[in-house]
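Descriptive analysis of the structure
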Amino acid sequence: MHLEVCGGCNAKIGAGDLSNILEKLPLFPRKEILAGFEGNEDGAIIQITEDIGVVTSLDFFPPMVEEAYEFGKIAAANALSDLYAMGAEPVSAMNIVCFPEEEDVRVLEEILQGGADVCKEAKTTLTGGHSIHDPKIKYGLSVIGIVDLNKVYRNNTPKVGDKLYLTKPLGVSLLMSGYTVGEVERPHYEKAVQSMATLNKAAYEILNQYEVHALTDVTGFGLLGHLSEMAEGASAVVETEGLHILEGTREAAENFLFTAGGQRNRNAYGDQIAFEIDDFALEEVLFDPQTSGGLLISVDPEDGEAMYEEMQNAGIDVYPVGKMIEAGDKSIYVR
């Protein structure tokens, strides 16, 4: 039973369009809300006691893979990643389901089984959900986690001199789109599926031991979009030589198998970026929307070396992305 591939984080509404809409919404400022969407954070923080907070988030999308069970796993891992990116331990999750009335219910069973298995791996309790009939399949989770308010990670608080690391390779949307039209080999597709279905739990548990200054997960706005949001009060240098890119991704970009989400990201963030390379295909990889991507870590340089080694020893595909420098004319310099 194959799903119609049409989404993942590539289905996100463009950052520019969202910002224009959200800034017009009236907000009631409750004192318990320590973070909402105004800072483009990965989740909202609600203060419970002086030291304890609750982090909430949700994420859902249409399938980006053919296999129903793998789609469920990826959607769940993607939603839970928002909590890890805030420094929260996931506690509970609720299913969000859109499913065609005429579709075989066994497909839904496989999707939900995939989501449940990932929640179990994350030691997160499924507590319910909501489902509706819809012409297109969509699935995700609403998630809640607990956080020590003294150890919250924000996405825009790096320090000049920090080293940048990413915990998953790039290129999943280019590979998914290319595979759909028969231009990407099956083994390359399967590697991308495996990467997307992997929880960021192990990386989160390791980075907690180090002096991390800013943290986010790389999803629909691509590496350059999420790094643009991180580079507040500083600029970032992306060093392309050491990037980990999924096999087949560069070929997909060179064959012009671009994604709509990648072009939205280029339009939204392109004027903030100085490309000091002459490699249009690599630019596409850097703008590529990532579904269930890795954690982007801005960390003290000395701590970063030890963290990097520990993550490597744990089997995490972590790699250096670059560094934070004094604020310049652009948010990001790609070298």
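Residues numbered from 1 in each chain as written. Predicted model: local features only at pLDDT ≥ 70, side-chain atom pairs only at ≥ 80, totals over all residues. Heavy atoms only, no water.

Note the following rule: UniProt positions are given in the numbering used here, feature names are shortened, and annotations may be inferred rather than shown by experiment.
The name that an unreviewed UniProt entry assigns to the protein chain is Selenide, water dikinase, with the source organism given as Aedoeadaptatus ivorii. Within the UniProt record for the protein chain, the comment given under Sequence similarities (unreviewed entry) is "Belongs to the selenophosphate synthase 1 family. Class I subfamily."

1. Remarks on the side chain of serine 92
Definition in use: Here a helix means four or more residues in a row that DSSP labels H or I, a strand means two or more in a row labelled E, and each is numbered from the N terminus. We call two residues contacting when some pair of their heavy atoms lies within 4.5 Å.
Along the chain, the position of serine 92 falls in strand E4 (residues 89-99). If sequence neighbours within four positions are ignored, serine 92 has contacts with Thr124, Thr125, Thr127, Ser142, Val143 and Ile144.

2. Here we look at the side chain of aspartate 217
The criterion, for reference: We call two N or O atoms a polar contact when they sit within 3.5 Å, provided that within protein one can donate a hydrogen and the other can accept it, with sequence-adjacent residues counted only if both atoms are side-chain atoms.
Within the secondary structure layout, aspartate 217 lies in strand E8 (residues 212-217). Separated by 3.0 Å, the side chains of aspartate 217 and serine 81 make a polar contact. If near-sequence neighbours (up to four positions away) are discounted, aspartate 217 is found in contact with Asp42, Asn78, Ser81, Asp82, Ala85, His226, Gly294 and Leu295.

3. Overview of the sheet that holds strand E13 (residues 332-334)
The condition that has to hold: Strand pairing requires that DSSP identify at least two bridges connecting the strands. Axis definition: a line fitted to C-alpha atoms, over the contacting stretch in the case of helices. Angles run 0 to 180 degrees between N-to-C directions.
Pairing is mixed in the open sheet, where seven strands are placed in the order E8-E11-E7-E12-E9-E13-E10. Taken across any chain shown, the strands that pair with only one partner, and hence form the sheet edges, are E8 and strand E10 (273-275). Averaged over all pairs of adjacent strands, the angle between strand axes in this sheet comes to 20 degrees, irrespective of strand direction. When strand E7 (residues 163-166) meets strand E12 (residues 319-325), the two strands line up antiparallel, connected through four bridges.

4. Topic: the environment of leucine 207
Tracing the chain through its elements places leucine 207 in helix H6 (residues 201-207). In this structure, the C-alpha to C-alpha distance between leucine 207 and tyrosine 308, residues 101 residues apart in sequence, is 9.0 Å.

5. Some remarks on the UniProt feature "domain: PurM-like C-terminal" (unreviewed entry) in the protein chain
Here the UniProt-annotated "domain: PurM-like C-terminal" (unreviewed entry) positions come out as residues 159-334. Taken end to end, residues 159-334 comprises 41% helix and 18% strand; its first and last C-alpha atoms sit 19 Å apart.

6. With respect to the environment of glutamate 183
Within the secondary structure, glutamate 183 is located in the loop between helix H4 (172-180) and helix H5 (186-196). Sequence spacing of glutamate 183 and lysine 168 is 15 residues, and the spatial spacing of their C-alpha atoms is 23 Å. The residues touching glutamate 183, leaving out its near neighbours within four places in the chain, are Gly178 and Leu257.

7. Quick look at the pattern of salt bridges
The line we're drawing: For this document, the term salt bridge refers to a Lys or Arg side-chain nitrogen within 4 Å of an Asp or Glu carboxyl oxygen. Between buried and exposed lies partly exposed: a residue is buried under 20% and exposed over 50% of the maximum accessible area for its type, with that area taken using a 1.4 Å probe on protein chains only.
Evaluated as defined, the whole model comprises 13 salt bridges. Note that aspartate 279 and arginine 250 form a salt bridge whose closest N and O atoms lie 2.9 Å from each other. Here aspartate 279 is found in the loop between E10 and helix H10 (280-287), whereas its partner arginine 250 is found in helix H8 (residues 249-254), with 29 residues between them in sequence. A relative accessible area of 29% means that arginine 250 is categorised as partly exposed. Linked through salt bridges whose partners overlap, the residues forming this network are Glu66, Glu67, Arg186 and Glu190.

8. Points about the pairing of strand E3 (residues 52-61)
Remark: a regular strand shows side chains that alternate across the two faces of the sheet. Burial along E3 is one-sided: Gly53, Val55, Ser57, Asp59 and Phe61 are buried, while Ile52, Val54, Thr56, Leu58 and Phe60, pointing the other way, are not. Across four bridges, strand E2 (residues 44-47) lies against E3 in antiparallel orientation. Bridging across to E3, isoleucine 45 finds its partner in valine 55. Hairpin connection between E2 and E3: a loop of four residues separates the two successive antiparallel strands.

9. Concerning the packing of aromatic side chains
As a reminder, the rule being used: Under the pairing criterion, centres of Phe, Tyr and Trp rings, with the six-membered ring standing for Trp, must be within 6.5 Å; the plane angle then separates stacked pairs below 30 degrees from edge-to-face pairs above 60, leaving the rest tilted.
Scanning all chains against the criterion turns up nine aromatic pairs. An angle of 55 degrees between the planes, with centres 6.1 Å apart, marks the rings of phenylalanine 221 and tyrosine 269 as tilted. Note that phenylalanine 221 is positioned in the loop between E8 and helix H7 (222-230) and tyrosine 269 in helix H9 (residues 260-269), a separation of 48 residues in sequence. Accessibility assignment for this pair places phenylalanine 221 and tyrosine 269 in one class, buried. One aromatic cluster is present, built from ring pairs that chain together Phe61, Phe71 and Tyr139.

10. Digging into the pairing of E2
When strand E1 (residues 33-35) meets E2, the two strands line up antiparallel, connected through two bridges. The residue bridging alanine 35 from the neighbouring strand is isoleucine 45, located in E2.

11. Quick look at a nonpolar patch on the surface
To be explicit about the condition: Nonpolar side chains (Val, Leu, Ile, Met, Phe, Trp, Tyr) within 5 Å and like charges within 9 Å form the patches, drawn only from residues with over 30% relative accessible area and no salt bridge. Computed with a 1.4 Å probe, the accessible areas rest on the Shrake-Rupley method; for each residue, only the protein chains presented here act as cover.
On the surface, Ile48, Ile52, Val91 and Ile146 cluster together into a nonpolar patch covering about 330 Å² of accessible area. Mapped onto the fold, isoleucine 146 is located in strand E6 (residues 138-148). Since its relative accessible area comes to 46%, isoleucine 146 is described here as partly exposed.

12. A closer look at the environment of isoleucine 273
Examined against the element boundaries, isoleucine 273 turns out to sit in strand E10. Not counting residues within four places of it along the chain, the set of residues in contact with isoleucine 273 comprises Leu224, Ser228, Phe287, Lys330, Ile332 and Val334.

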